[in-house]
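# Commentary on secondary and tertiary structure
Listed below, chain by chain, are the residues.
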Amino acid sequence: MKHIVAVVVLIVIVTIGLATWLNNTVLLPPLASAEGVPIDWLFGLHIQIIAFLFALIMVFMFYSIVVFRRKKGDTEDGAFIHGNAALEIVWTIAPLVIVLYFGYLGLVTLNDITSPGRDELLVEVSSRQWSWSFHYPEYGENGIGSTTLNLPQGRTVLLKLSSLDVIHDFWVPEFRVKQDAVPGMIKELRVSPTKIGAYKIRCAELCGLDHSTMYAAVNVMSSDDFEGWIRHELDEIAKAEAGPAIERGKRVAELMGCQDCHSLDGSESKGPTWLGLYGQEETLSDGSTVMVDDEYLRQSILEPGSQIVEGYGNTMPPGFGDELSPEEIADLIEYVESFSE
Ligand code: CUA
């Protein structure tokens, strides 16, 4: 009996000590979303269970090693014990109950953080190797495009995620929630930012060569600042529409991340440079030659794999025809043309 009391006391002490230490150790970045509150609470609960299970095993083990070690001169065999039905029932039922309870908590939390909020802001998130872009379809005639994810504080945002090529994963550690972007599907994720500040999307699905640098900036701002940004962008769009096609094309190139792979100054990159490209004769991977004109560029944007320039891989995502309107593609071609010599 005295051994049981000693072990229980030790387990309680180790559990409390370990749980306190782990809870005071910074394991997570600062929380910045409403969805993260129940997630962090569940995380804390898991830490407590982990501390208890660690104490349970370690205390029994070390107590037995120290207290029941063989005494000097003792050559007898240990007592033969054949099973203990009560103990086996307890250590089967107890974990089952704990796992079921955690499964229930997980279900309630998941339902809680995925259910629609009031007055949601819709943002379409497009991903590709290896950049992100964002579209706010509720503003202006064709929506607002951005390479930074600007969000108002205190409002639930519905993100509709898509991918042009392979599976990427939208993850802002401070928001806690995470969602894959799967080609051919629209995936939804809800976030309610609670803290004004600058954050970073990190792609959390291995997606090729530059996966580790597939970042995008996230700005959580006051709703006044957000409305101000929206007005500013709408002004910019109106100005661009009244202005030359090259300016509109430049904007499209920025939004689609073209310069991640195509340089503008002649330097080598994953795709051919745009400097001096237009009007030039290119040799394709099958040995044939082609004149770079409007038609070739349009074809290369819509079906990048159809005419690969010699020395380059088939790495350009094929989905730009769905992302861009024919007018936007025409503007983009004007922009490429502006770099001809
Ligand atoms: Cu996209 Cu990793």
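Here's what I pulled together on the structure shown here. Just so we're clear, the structure is a prediction, and the values are computed from it rather than from any experiment.

### Observations regarding the overall build of the protein
Counting its regular elements, the protein contains eight helices and twelve strands. At 29 Å, the protein has a C-alpha radius of gyration far larger than the 20 Å of a compact globule built from 341 residues. Overall size of the protein, expressed as C-alpha extent along the three principal axes, is 95 × 55 × 30 Å. Looking at the protein as a whole, 38% of its 341 residues qualify as buried. Pairs at least 24 residues apart make up 64% of the contacts formed inside the protein by residues separated by at least 6 positions. Surface exposure of the protein reaches about 19,900 Å², of which carbon and sulfur atoms provide 60%.

### What to know about the sheet that holds strand E9 (residues 197-202)
Sheet architecture is open: three strands sit in the order E4-E10-E9, paired in mixed fashion. Looking at which strands have only one partner, the edges of the open sheet turn out to be strand E4 (149-152) and E9. Recorded for the sheet is a direction-independent mean angle of 25 degrees between the axes of neighbouring strands. By the bridge criterion, four bridges tie E4 to strand E10 (residues 215-221) in an arrangement that is parallel.

### Let's talk about the nonpolar core
Counting 36 residues, the largest nonpolar core has Val123, Tyr136, Leu149, Phe170 and Phe175 as the members making the most contacts within it. Among the elements of the structure, strand E1 (121-128), strand E2 (131-136), E4, strand E5 (157-163), strand E8 (187-191), E9, E10 and helix H4 (223-242) are those that each provide at least two residues to this core. Excluding residues within four positions of it along the chain, tyrosine 136 makes contact with Leu121, Leu122, Val123, Gly143, Ile144, Ser146, Thr148, Leu149, Asn150, Phe226 and Trp229.

### Side note on the pattern of salt bridges
According to the stated counting rule, one finds ten salt bridges in the structure shown. Notably, a salt bridge pairs glutamate 188 with lysine 160, separated by 3.8 Å at the nearest N-O pair. You can see glutamate 188 sitting in strand E8 and its partner lysine 160 sitting in strand E5, a full 28 residues away along the chain. Overall, the relative accessible area of 41% leaves glutamate 188 in the partly exposed class.

### Focus: the side chain of serine 163
Within the element layout of this structure, serine 163 appears in strand E5. Here the side chain of serine 163 touches valine 166 through a polar contact of 2.5 Å, landing on its backbone oxygen. Not counting residues up to four positions away in its chain, the partners in contact with serine 163 are Ser127, His168, Ala181, Val182, Pro183 and Gly184.

Conventions we followed
- Residues numbered from 1 in each chain as written.
- Predicted model: local features only at pLDDT ≥ 70, side-chain atom pairs only at ≥ 80, totals over all residues.
- Heavy atoms only, no water.
- Helix = DSSP H or I, 4+ residues; strand = E, 2+ residues; numbered from the N terminus.
- Rg over C-alpha atoms; globule rule 2.2 N^0.38 Å.
- Buried < 20%, exposed > 50% of the residue type's maximum accessible area, 1.4 Å probe, protein only.
- Contact = heavy atoms within 4.5 Å.
- Areas by Shrake-Rupley, 256 points an atom, 1.4 Å probe, with all protein chains shown as cover.
- Pairing = 2+ DSSP bridges.
- Axes fitted to C-alpha atoms, helices over the stretch in contact; angles between N-to-C directions.
- Core = buried A, V, L, I, M, F, W, Y, C linked by side-chain atoms within 4.5 Å.
- Salt bridge = Lys/Arg side-chain N within 4 Å of Asp/Glu carboxyl O.
- Polar contact = N/O pair within 3.5 Å; in protein donor to acceptor, adjacent residues only side chain to side chain.

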